[in-house]
Amino acid sequence: MEELINKLKLEIIDALNLDGMTPEEIEDEAPLFGEGLGLDSIDALELIVLMEKNYGIKLANPADGKKIFSSVKTMAEYIAANRSK
């Protein structure tokens, strides 16, 4: 799981153009939205595309995104359980 979390951090930095940020600066359980990384709704769309493109995961219900994208760890757990790539 740790390997997936680290890979995911790198993909998030790349997909969201978080220039100058390193994976070590993103805490596994820190909120991605709000007081954590401070992501917004456009970033959420980018994360959905990232999951679909890199892991073959389509969110059937966008409302699930709030729970899935609450932290890098919750994203990794969801990907590990649902990936097709």
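Scoring rules and cut-offs
The written sequence of each chain sets the order in which its residues are numbered from 1. Only residues with pLDDT of 70 or above have their local features reported here, since the model is predicted, and side-chain atom pairs are shown and tallied only from 80 upward, although totals for entire chains, interfaces and linings are computed over all residues. Hydrogens are left out, water is left out, and the side-chain values use all remaining heavy atoms of the structure. Counting from the N terminus, the helices are the DSSP runs of H or I reaching at least four residues and the strands are the DSSP runs of E reaching at least two. Atoms counted for the radius of gyration: C-alpha only. Globule rule: 2.2 Å times residue count to the power 0.38. For the exposure calls, accessible area comes from a 1.4 Å probe over protein chains only, and a residue counts as buried if that area is under 20% of its type's maximum, exposed if over 50%, partly exposed in between. Residue contacts are counted whenever heavy atoms from the two residues lie within 4.5 Å of one another. The protein chains shown are the only cover counted for residues, whose accessible areas, like all others here, come from Shrake-Rupley with a 1.4 Å probe. Charge convention: Lys and Arg are scored as positive, Asp and Glu as negative, and His as well as the terminal groups of each chain are ignored. For charged residues, the charge sits on one atom: NZ in Lys, CZ in Arg, CG in Asp, CD in Glu. Axis definition: a line fitted to C-alpha atoms, over the contacting stretch in the case of helices. Angles run 0 to 180 degrees between N-to-C directions. These descriptions rest on fixed angle ranges, namely under 35 degrees for roughly parallel, over 145 for roughly antiparallel, 65 to 115 for roughly perpendicular, and the rest for oblique. By convention, the crossing between two helices is left-handed when the near helix turns anticlockwise from the far helix through less than a right angle, and right-handed when the turn is clockwise. Charged residues are taken to be Asp, Glu, Lys and Arg, nonpolar residues to be Ala, Val, Leu, Ile, Met, Phe, Trp, Tyr, Cys and Pro, and polar residues to be all remaining types, Gly included.

## Side note on the overall build of the chain
- From N to C terminus, the chain includes four helices and zero strands.
- For 85 residues, the compact-globule estimate of 2.2 N^0.38 gives 12 Å, and the C-alpha radius of gyration of the chain, at 12 Å, lies within 12% of that figure.
- Projected onto its principal axes, the C-alpha coordinates of the chain cover approximately 30 × 25 × 20 Å.
- Within the chain, the fraction of its 85 residues that count as buried is 34%.
- Sequence separation of 24 or more characterises 60% of the internal contacts of the chain that already satisfy a separation of 6 or more.
- As displayed, the chain has an accessible area near 5,200 Å², and 51% of this comes from carbon and sulfur atoms.
- Distance between charge centroids for the chain: 9 Å, based on 9 positive and 17 negative side chains.

## Things to note about the environment of Ile26
- Within the secondary structure layout, Ile26 lies in the loop between α1 (2-15) and α2 (41-55).
- Residue classification places Ile26 among the buried residues on the basis of a relative accessible area of 4%.

## Remarks on unusual backbone geometry
- A positive phi angle, close to 50°, is found at Asn17, a residue other than glycine.
- Residue position: Asn17 is located in the loop between α1 and α2.
- Owing to a relative accessible area of 57%, Asn17 belongs among the exposed residues under this scheme.

## Thoughts on the packing of α1 against α2
- Running from N to C, α1 and α2 cross one another at 125°; their axes reach a closest spacing of 11 Å. With respect to α2, the element α1 is oriented oblique. Once α1 is placed against α2, the crossing between them reads as right-handed. The residues of α2 that touch α1, namely those facing Leu4, Lys7, Leu8, Glu11, Ile12 and Ala15, are Glu46, Leu47, Leu50, Asn54 and Tyr55.
- A per-class count over the contact of α1 with α2 returns seven nonpolar, one polar and three charged.

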